[in-house]
Amino acid sequence: DAKTTQPPSMDCAEGRAANLPCNHSTISGNEYVYWYRQIHSQGPQYIIHGLKNNETNEMASLIITEDRKSSTLILPHATLRDTAVYYCIVRVGQEADGLTFGKGTHLIIQP
Amino acid sequence: GAVVSQHPSRVICKSGTSVKIECRSLDFQATTMFWYRQFPKKSLMLMATSNEGSKATYEQGVEKDKFLINHASLTLSTLTVTSAHPEDSSFYICSARLRGGELFFGEGSRLTVL
C-alpha cells in the first residue's frame, strides 16, 4: 500500500462540515483511496472509496484532486457521534491483502 | 451492509491460560479473513491472514505457535492466544473480505491477561 499522510488531530464544531485531508503523492494508477473510521473501542467502519472521480454516499463525500496526489473526506454536518480516528488508505481495489493502517486523524467534534 | 461479528467482546483470563476468539461473517461467505491487534492509542497492526481450508499466513514478527488461527468454514475463523501473558493484553479485531474486495470489520475483542 502506498504511504499516506494525515494530520494527527482536528477539531470541528458540531453541525459544521468536517474536512479531513490526506496526502498520497506516491499513489499508483490502479490504487484506490479508501477511508475508514474507528470510534473508540470499536472495530473500523468503512466510509467511502474512490479511484479518480469524486464520490458521495450517505455518510460522506470524497474529493480527489486531478493529479490524485491528495484527497479530502467531507462529513457535511458533523455530529458528536462522528468523533473518531479517520484512516485514509490507498490500495489496489481487488487485492487479497489486508489493509495497512497508518496513524490516522483523530477528529474531535466539539459541541 | 455486510456484518462481521466477534465473540467474546471482552475476556479476562489468568496468565498461562489459552483464550479463543471467534470471528463470524453473518450474511456472506468469506474465503479470507484477517486478524489485527491494537494497543492503546496505537493503530491497528495486521497479524495474520486466515484462508478457509488452508494454513494462515502470519506477518513478520507474529508467532504462529502463540496465535493459532483456524478457518474451518466460510463463515468462521478463530484466533487462539495460547499460554497468554499480560503482554498479550490487547484489542483484537478481525475483518472479512467480500468477493468484490470490500473489507468489513468485527466489533473487536478486548483481552486482559492478569
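Structure: see above.
Residues numbered from 1 in each chain as written. Chains lettered and ligands numbered in written order. Predicted model: local features only at pLDDT ≥ 70, side-chain atom pairs only at ≥ 80, totals over all residues. Heavy atoms only, no water.

Turning to the interface of chain B and chain A, a few remarks are in order. The partner chain A presents 21 residues to the 19 residues of chain B that form the contact. In total, chain B and chain A occlude about 1400 Å² of area from one another, counting both sides; carbon and sulfur atoms represent 48% of this. In terms of surface lost to chain A, no three residues of chain B exceed Glu102, Leu103 and Phe105 of chain B, which account for 30% of the buried area on that side. Scanning the region where chain B abuts chain A turns up zero salt bridges. For the pair chain B and chain A, the number of links is six residue pairs in polar contact (both at pLDDT 80 or more). Sorting the residues of the side of chain B that touches chain A by element identifies strand E4 (32-38), strand E9 (90-97) and strand E10 (103-105) of chain B as the ones contributing at least two each. (Contact = heavy atoms within 4.5 Å. Buried area = accessible area lost by both parts, 1.4 Å probe. Salt bridge = Lys/Arg side-chain N within 4 Å of Asp/Glu carboxyl O. Polar contact = N/O pair within 3.5 Å; in protein donor to acceptor, adjacent residues only side chain to side chain. Helix = DSSP H or I, 4+ residues; strand = E, 2+ residues; numbered from the N terminus.)

Strand pairing within a sheet occurs via backbone hydrogen bonds; the two strands may be parallel or antiparallel. All names here are of chain A. One open sheet holds the four strands; their spatial order is E2-E7-E6-E5, and the pairing between them is antiparallel. The sheet terminates laterally at strand E2 (18-23) and strand E5 (55-56), the two strands that pair on one side only. Bridging between strand E6 (residues 61-64) and strand E7 (residues 70-75) involves four bridges; their strand directions are antiparallel. Paired with Ser61 across the strands is Ile74, a residue of E7. (Pairing = 2+ DSSP bridges.)

Any covalent bond linking the sulfur atoms of two cysteines counts as a disulfide. Taken as a whole and assessed by the stated rule, the structure comprises two disulfides over all chains. There is a disulfide in this structure between Cys22 of chain A and Cys88 of chain A, and the S-S distance comes to 2.1 Å. Since a negative S-S torsion denotes a left-handed disulfide, the Cys22 of chain A-Cys88 of chain A link at about -80 degrees is left-handed. Highlighted residues: Cys22 of chain A in strand E2 and Cys88 of chain A in strand E8 (residues 84-92), separated in sequence by 66 residues. Residue Cys22 of chain A shares its accessibility class with Cys88 of chain A, and that shared class is buried. The side chain of Cys23 of chain B participates in a disulfide bridge whose partner is Cys94 of chain B; the two sulfur atoms lie 2.0 Å from each other. Disulfide Cys23 of chain B to Cys94 of chain B: torsion about the S-S bond roughly 80 degrees, handedness right-handed. Here Cys23 of chain B, found in strand E3 (residues 19-25), pairs with Cys94 of chain B, found in strand E9; they are 71 residues apart in sequence, far enough to count as distant. (Disulfide = S-S within 2.5 Å. Buried < 20%, exposed > 50% of the residue type's maximum accessible area, 1.4 Å probe, protein only.)

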